[in-house]
Amino acid sequence: MVHPRGKLTPNAPLAPLVWFKSGGSAEWLFEPKDVADLQAFLRALDPAVPVLPLGLGSNLIVRDGGVPGVVVRLGKAFAQVRQSADLTLDCGAGASGILVSSTARDNAIAGLEFLRSIPGTVGGFVRMNGGAYGGVVKDILIDCDVVLRDGSLRTLAAADLRYTYRHSELPDGAIVVAARFKGRPGAAKDIKAEMDRISASREASQPLRSKTGGSTFKNPPGHRAWELVDAAGCRGLTMGGAQVSEKHCNFLLNLGDATSAEIEALGDEVRRRVKAHSGIDLEWEIQRVGRP
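First, a word on scope: everything that follows refers to the structure included in this document. (Residues numbered from 1 in each chain as written. Predicted model: local features only at pLDDT ≥ 70, side-chain atom pairs only at ≥ 80, totals over all residues. Heavy atoms only, no water.)

## A word on the overall build of the protein
Across its full length, the protein carries six helices and 19 strands. Rg of the C-alpha trace for the protein: 19 Å, near the compact-globule value of 19 Å for 292 residues, within the 12% margin. Along the three orthogonal principal directions, the C-alpha set of the protein runs to about 50 × 50 × 30 Å. Residue pairs in contact within the protein that sit at least 24 positions apart in sequence constitute 65% of those at least 6 positions apart. Within the structure as shown, the protein displays about 13,200 Å² of accessible surface, and the carbon and sulfur contribution to it stands at 51%. Considering the protein, the positive charge centre built from 36 side chains and the negative charge centre built from 32 side chains are found 2 Å apart. (Helix = DSSP H or I, 4+ residues; strand = E, 2+ residues; numbered from the N terminus. Rg over C-alpha atoms; globule rule 2.2 N^0.38 Å. Contact = heavy atoms within 4.5 Å. Areas by Shrake-Rupley, 256 points an atom, 1.4 Å probe, with all protein chains shown as cover. Lys, Arg positive; Asp, Glu negative; His and termini not counted. Charge placed at Lys NZ, Arg CZ, Asp CG, Glu CD.)

## Re the pattern of salt bridges
Evaluation of the coordinates by the stated rule reveals 22 salt bridges. Salt-bridge contacts for Arg63 lead to Glu264; the nearest nitrogen and oxygen are separated by 2.8 Å. You can see Arg63 sitting in the loop between strand 4 (60-62) and strand 5 (67-73) and its partner Glu264 sitting in helix 6 (residues 260-278), a full 201 residues away along the chain. The pair formed by Arg63 and Glu264 is uniform in burial state, with each residue classed as buried. Here Lys138 makes a salt bridge to Asp139, at a shortest N to O gap of 3.1 Å. (Salt bridge = Lys/Arg side-chain N within 4 Å of Asp/Glu carboxyl O. Buried < 20%, exposed > 50% of the residue type's maximum accessible area, 1.4 Å probe, protein only.)

## A closer look at the environment of Arg197
You can see Arg197 is positioned in helix 4 (residues 188-205). Taking relative accessible area as the criterion, Arg197 reaches 43% and is therefore assigned partly exposed.

## Digging into the sheet that holds strand 12 (residues 153-157)
As summarised here, the arrangement of the five strands in space is 6-7-13-11-12, forming an open sheet in which the pairing is antiparallel. Looking at the sheet topology across the chains shown, the edges are occupied by strand 6 (81-85) and strand 12. Adjacent strand axes in the sheet meet at a mean angle of 25°, parallel and antiparallel pairs treated alike. Here six bridges tie strand 11 (residues 141-147) to strand 13 (residues 175-182), and the two strands are oriented antiparallel to one another. For Asp143, the partnering residue across the bridge sits in strand 13 and is Arg180. (Pairing = 2+ DSSP bridges. Axes fitted to C-alpha atoms, helices over the stretch in contact; angles between N-to-C directions.)

## Describing the environment of Cys234
On the secondary structure map, Cys234 appears in the loop between helix 5 (225-231) and strand 16 (238-239). Separated by 55 residues in the primary sequence, Cys234 and Ala179 have C-alpha atoms spaced 38 Å apart. Cys234 has contacts with Val229, Val244, Val270 and Arg273, leaving out every residue within four places of it along the chain.

## Considerations on unusual backbone geometry
Phi at Ala108 takes a positive value of approximately 55°, unusual for a residue other than glycine. Position of Ala108 relative to the elements: it lies in the loop between helix 2 (97-106) and strand 8 (109-110). Despite not being glycine, Asn129 has its phi angle at roughly 55°, a positive value. Tracing the backbone shows Asn129 in the loop between helix 3 (122-127) and strand 9 (131-132). Judged by relative accessible area, which is 2%, Asn129 ranks as buried.

## Topic: the side chain of Gln243
By secondary structure assignment, the location of Gln243 is in strand 17 (residues 242-244). Looking at Gln243, the relative accessible area reads 14%, which means it is buried. Setting aside chain neighbours within four positions, we find Gln243 in contact with Gly236, Leu237, Thr238, Phe251, Leu252, Leu253, Leu255 and Leu266.

Now the structure itself:
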């Protein structure tokens, strides 16, 4: 038996924890008290048990059959952000993009404004090389701390992650627990103005007040995913309680009580129609996890 200091919950519903508000339960949900608690828990856990990290749940479809093994959710203890050196922020993996960019603004650190637009946590956008509005994580990351599946703690330099578009080569089973970002000198008023511009642009163009998962598909080289979806006639397309957003058609929506199966099937139908129309294979940007 594993007896952590944090909170360990069996059969924990995940729908309330993800933006789509759909899907099944985690066999176990673990919310560690601190890094040492996470390390001890993973060391004691049977290596055959799968482990899935969960941030804000913004880029995730949890399938209706639930998630086997343990879902690890990093809470407030992992959500601290502080300036640790000149132009450098030391960030817990549970900190939101809004908190990181706001702390950068308050310390006159420019270059991190784009994190204001990423609806997730440090752990998530370090893992997937998140980016928007001309910025990308690989250009600001110094290094990150990860707890491996065996409970060991390692620090990985940005180069170790071998970043490509929306992808990193983090070791299998690694959970990001902290990261260091470095910006450039700036004026707080200019940084605030850029953050306000990004916020207004998102509000005008994206369905932020809906049950959604954020950007659904990666932009293929030389193309924008939303334009391909639109050209294939998928704007507003529905399947059960799921819909392609009419406001921004690289977003899928849960109109009320859609199942995760309906949301995922709608995404696959969009991919099929885009392939038939343009010959381009859209790749999922949203992670799909668990049992159907």
